[in-house]
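# Structure assessment
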Amino acid sequence: MRACARCTDRLAPTRQALAGRRSAIGAVPPPVLHTAKVEPGQSVAVFGVGGVGLSALAAAAAAGADPVIAVDLVDHKLQFAAEFGATHTINASNAEPVKAIWEIAPGGVDYAMDAVGAPTTALQILQAARQGGPRADNQGGMAVLLGIPVSDVSVDLNEILLSQRHYCGSLGATVPDTALALHGMGP
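Residues numbered from 1 in each chain as written. Predicted model: local features only at pLDDT ≥ 70, side-chain atom pairs only at ≥ 80, totals over all residues. Heavy atoms only, no water.

### Section: the pattern of salt bridges
- Tallying each qualifying case throughout the model produces 3 salt bridges.
- The closest approach of N and O atoms between Arg130 and Asp110, which form a salt bridge, is 2.9 Å. In this pair, Arg130 sits in the loop between helix 6 (119-128) and strand 5 (142-145) while Asp110 sits in the loop between helix 5 (97-104) and strand 4 (111-114), placing the two residues 20 residues apart along the sequence.
- Residue class for Arg130 comes out partly exposed when judged on its relative accessible area of 25%.
- Residue Arg135 pairs with Asp137 through a salt bridge whose shortest N-O separation is 2.9 Å. An identical accessibility class is assigned to Arg135 and Asp137; each is exposed. (Salt bridge = Lys/Arg side-chain N within 4 Å of Asp/Glu carboxyl O. Helix = DSSP H or I, 4+ residues; strand = E, 2+ residues; numbered from the N terminus. Buried < 20%, exposed > 50% of the residue type's maximum accessible area, 1.4 Å probe, protein only.)

Following this line, the structure appears as structure tokens:
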């Protein structure tokens, strides 16, 4: 596996640097396309829009997700997230993020991703994921942990079982040429 890739000449150096960072982090596209398998029209919320979160958000937008919701505590990060494909932004210091997500995507999102790893966000992604129902074919949404947890978290397993939600982790890992090609930046 190679640790670097060649970008096209038509890409501005500042965008090349961002693309390289996203590829090096290993967050694009594996968590969004391989772990979650996001498809066009599915809803995605990303908690924490630093480098890893922006990568997940950009991959969700590139996959055709709608809406793509960015959640963070910092306004300028949320403004930047809009440039990476967020259709909605939520400042969690001004609003309760799960409630705000449910207002945008009634019933919850298909995929909620935590790029922070804090106990609060690790629980919020489960609550933000779409609820399923009592039949076997009525599966709920998926909560995907991307950020390395900073401490233990207690989860009410009934939130998973009774709503047929899924909770998993993704360590990412990517091939740079594949990640860059997804954004039209590769050779």
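Now, onward.
### A few points about the sheet that holds strand 3 (residues 88-91)
- Here 6 strands make up an open sheet; going across it, the order is 3-2-1-4-5-6 and the pairing parallel. Strands with a single pairing partner mark the edges of an open sheet, and in this sheet they are strand 3 and strand 6 (166-169). Looking at each pair of strands side by side, their axes are set apart by 15° on average, direction ignored.
- By the bridge criterion, 4 bridges tie strand 5 to strand 6 in an arrangement that is parallel. By the bridge assignment, Leu145 is partnered in strand 6 with Gly169.
- On the sheet, helix 4 (residues 75-83) packs against strand 2 (68-72) and strand 3 and is oriented at approximately 160° with respect to strand 2.
- Here helix 5 sits on the sheet and contacts strand 1 (44-47), strand 2 and strand 3; the angle it forms with strand 3, its principal contact strand, is near 160°. (Pairing = 2+ DSSP bridges. Axes fitted to C-alpha atoms, helices over the stretch in contact; angles between N-to-C directions. Contact = heavy atoms within 4.5 Å.)

### What about unusual backbone geometry?
- Omega for the peptide link from Asp66 to Pro67 comes to 0°, which places this bond in the cis form.
- Turning to its location among the elements, Pro67 is positioned in the loop between helix 3 (51-62) and strand 2.
- For Gln164, which is not a glycine, the phi torsion comes out positive at approximately 50°.
- In this structure, Gln164 sits in the loop between helix 7 (157-161) and strand 6.
- Exposure remark for Gln164: the relative accessible area of 16% places this residue in the buried category.

### Brief notes about the packing of helix 5 against helix 6
- For the pair helix 5 and helix 6, the least separation of the axes is 9 Å and the interaxial angle reads 25°. Between helix 5 and helix 6, the angle is such that the two are roughly parallel. Where helix 5 crosses over helix 6, the handedness of that crossing is right-handed. Between helix 5, through Pro97, Val98, Ile101 and Trp102, and helix 6, the contact on the second element is made entirely by Gln124, Gln127 and Ala128.
- Of the residues contributing to the contact of helix 5 with helix 6, the split by class is 5 nonpolar, 2 polar and no charged. (Parallel < 35°, antiparallel > 145°, perpendicular 65-115°, else oblique. Left-handed = near helix turned anticlockwise from the far one by under 90°. Nonpolar A, V, L, I, M, F, W, Y, C, P; charged D, E, K, R; others polar.)

### Some points on the side chain of Gln164
- For Gln164, the side chain forms a polar contact with the main-chain oxygen of Gly133, separated by 2.4 Å.
- Among the polar contacts listed, one links the side chain of Gln164 to the backbone oxygen of Arg135, at a separation of 2.7 Å.
- Ignoring any residue separated from it by four or fewer positions in sequence, one finds Gln164 in contact with Gly133, Pro134, Arg135, Ala136, Asn138, Gln139 and Gly140. (Polar contact = N/O pair within 3.5 Å; in protein donor to acceptor, adjacent residues only side chain to side chain.)

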